[in-house]
Amino acid sequence: MKLRGVVPPMVTPLVGRDELDIEGLERLVAHLLKGRVHGIFILGTTGEAPSLSYHLRRDLITRVCNQVNGQVFVLVGVSDTAFAESVRLAESAADAGARAVVLTMPYYFPLVQAELIEFFENIVPRMPLPVILYNMPEMTKERLEIETLKRLSSMEPIIGVKDSGGSMDYFSKLLQLKQYRPDWSIMTGPEPLFLESLRLGGDGCVSGGANVFPGLYVDCYESFASGDLPNAERLYRRIIKFQKLYSIGQYSSRVIKAQKCALNILGICDDFLAEPFHRFREPEREQVRKILEAVRKM
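Residues numbered from 1 in each chain as written. Predicted model: local features only at pLDDT ≥ 70, side-chain atom pairs only at ≥ 80, totals over all residues. Heavy atoms only, no water.

Colleague: Any details on the nonpolar core? Residues and values, ideally.
Modeller: Ranked by internal contacts, the top residues of the largest apolar core, which has 93 residues, are Met10, Ile42 and Phe194. Looking at this core element by element, the count peaks at 6 residues for helix α2 (residues 54-68). Apart from the residues lying within four places of it in its own chain, the contact partners of Ile42 are Met10, Leu60, Ile61, Val64, Val74, Leu75, Val76 and Gly77. Formed by 13 residues, the second largest nonpolar core is a distinct cluster that contains Phe41, Phe73, Ala100 and Met136. (Core = buried A, V, L, I, M, F, W, Y, C linked by side-chain atoms within 4.5 Å. Buried < 20%, exposed > 50% of the residue type's maximum accessible area, 1.4 Å probe, protein only. Helix = DSSP H or I, 4+ residues; strand = E, 2+ residues; numbered from the N terminus. Contact = heavy atoms within 4.5 Å.)

Colleague: Can you explain the side chain of Ser86? Please cite residues and give values.
Modeller: Among the structural elements, Ser86 can be located in helix α3 (residues 83-96). Those residues within four positions of Ser86 in sequence are excluded, and the remaining contacts are Val78, Ser79, Asp80, Leu103, Ile123 and Met127.

Colleague: Got a sec to walk through the pattern of salt bridges? Specific residues and values, please.
Modeller: All chains considered together, the criterion is met by 20 salt bridges. The salt bridge involving Arg199 is made with Glu196; its shortest N-O contact spans 3.6 Å. With Arg199 and Glu196 both in helix α8 (residues 194-200) and 3 residues apart, the pair spans about one turn of that helix. Glu196 sits in the partly exposed class, given a relative accessible area of 34%. Shared partners join several salt bridges into a network, and the residues in it are Asp270, Asp271, Arg279, Glu282, Arg285, Glu286 and Arg289. (Salt bridge = Lys/Arg side-chain N within 4 Å of Asp/Glu carboxyl O.)

Colleague: Quick rundown of the packing of helix α9 (residues 214-225) against helix α10 (residues 229-242)? Include the residues and the values.
Modeller: The relative placement of two packed helices comes down to the angle between their axes together with the axis-to-axis distance. Following both chains from N to C, one finds α9 and α10 inclined at 150 degrees, their axes separated by 8 Å at the closest point. Comparing the axis directions of α9 and α10 gives the class roughly antiparallel. The handedness of the crossing between α9 and α10 comes out as left-handed. Contacts from Leu216, Tyr217, Asp219, Cys220, Ser223 and Phe224 in α9 reach Leu229, Asn231, Ala232, Leu235, Tyr236, Arg238, Ile239 and Phe242 in α10. Classifying every residue of the contact of α9 with α10 gives 10 nonpolar, 2 polar and 2 charged. (Axes fitted to C-alpha atoms, helices over the stretch in contact; angles between N-to-C directions. Parallel < 35°, antiparallel > 145°, perpendicular 65-115°, else oblique. Left-handed = near helix turned anticlockwise from the far one by under 90°. Nonpolar A, V, L, I, M, F, W, Y, C, P; charged D, E, K, R; others polar.)

Colleague: So what about helix α11 (residues 253-265)? Which residues, and what values?
Modeller: Two residues of an α-helix separated by three or four positions point the same way, owing to the 3.6 residues in each turn. With 13 residues, α11 extends 18 Å from end C-alpha to end C-alpha; this agrees with the ideal 18 Å at 1.5 Å per step. Along α11, the positions that sit buried rather than exposed are Ser253, Ile256, Lys257, Ala258, Gln259, Lys260, Cys261, Ala262 and Leu263. Tucked inside the fold, the buried residues of α11 contact β2 (14-16), α1 (22-34) and α12 (282-297). In the stretch just after α11, Gly267 is the one whose phi turns positive, near 80 degrees. (Expected span 1.5 Å × (residues − 1).)

Colleague: An account of the environment of Ile146 is requested, with residue identities and associated values reported.
Modeller: Take Ile146: it is sitting in helix α6 (residues 146-152). Between the C-alpha atom of Ile146 and that of Leu292, which follows or precedes it by 146 residues, the distance is 38 Å. Discounting chain neighbours no more than four positions away, the residues touching Ile146 are Tyr170, Lys173, Leu174 and Leu177.

Colleague: Account for the packing of aromatic side chains, with residues named and values stated.
Modeller: Within this structure, the stated rule accounts for 7 aromatic pairs. Ring centres of Phe41 and Tyr134 lie 6.2 Å apart, and the angle between their planes is 85 degrees; on these two criteria the pair is classed as edge-to-face. Of this pair, Phe41 sits in strand β4 (residues 39-42) while Tyr134 sits in strand β7 (residues 131-135); the two residues are 93 residues apart in sequence, bridging distant segments of the chain. For Phe41, a relative accessible area of 2% puts it in the buried group. Classification of Tyr134 as buried rests on a relative accessible area of 5%. Between the aromatic rings of Phe194 and Tyr217, the centroid separation amounts to 6.4 Å while the plane-to-plane angle is 25 degrees, which identifies the pairing as stacked. Here Tyr217 lies in helix α9 and Phe194 lies in helix α8, a separation of 23 residues in the sequence. Overall, the relative accessible area of 0% leaves Phe194 in the buried class. Classification of Tyr217 by relative accessible area gives buried; the value is 0%. Ring pairing ties together the aromatic residues Phe83, Phe119 and Phe120, which thus form one cluster. (Phe/Tyr/Trp six-rings, centres within 6.5 Å; stacked < 30°, edge-to-face > 60°.)

Colleague: A description of the sheet that holds strand β9 (residues 185-188) should follow, citing residues and the corresponding values.
Modeller: One open sheet holds the 8 strands; their spatial order is β1-β10-β9-β8-β7-β6-β5-β4, and the pairing between them is parallel. Since the sheet does not close on itself, it has two edges, and those belong to β1 (5-6) and β4, each with one partner. Two strands pair when backbone bridges link them, and β1 and strand β10 (residues 204-205) are joined in this way by 2 bridges, in the parallel orientation. Within the sheet, the bridge partner assigned to Val6 lies in β10 and is Cys205. (Pairing = 2+ DSSP bridges.)

Structure representation (structure tokens):
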């Protein structure tokens, strides 16, 4: 299994504390597939996974896998503070027909790298699907150090890394691990680094903005892949314009709020957020609306 291209970290449409927006979910998945995405990643940071009940997570996995029906890869985030819960969720993902799981370190107690290595050496063999490791230091307190990943590269079930650390120096070193695992997929998360990551040899992006404008991100990727760099750069300027959404609000939750608000304005799904966060109010919604209009006109 080789993952490449544009894989949106899908938001989780909700209408209440423990209730999926089922019609919105169906529209969102259809929207992503129509945008020709290369995969869909559910239950990641953008999907608010840590705030969702296990019952809802399993329901989401089943519904998404059923609707996608093998058209693209479905990746499922199974990270948890409890080892056993990660394994159980991975088993549910396998039963539903997902193609891989995405796993970061337990994110409550700080860990040293030696403990991280032991954790992954213990849990990866228990995963029923291929594993993509997820570097997200903003949320986990620690990053997956390059030497740690080099050690873990000997584990065959690990098929790649999603990096949301935001450092191109780190990403460059991450790409060097392909000398040990040429089959690994190395994907970036931060959207401003998308095009540069491709230039360095990255395999694509797992970027939240592709929830809203999947075709834009796919066209940018495919233009680069075909050698049409001028068109890729033109499309990338639209992606950068879209980043203004993330300056609205405070803290990391503003990214999820902005994406859900944009999807709601487009009539795709509800913009309810899992507690303790609340959706954007009208002043913020108006800012989002103006940015959407500006991106569409470019």
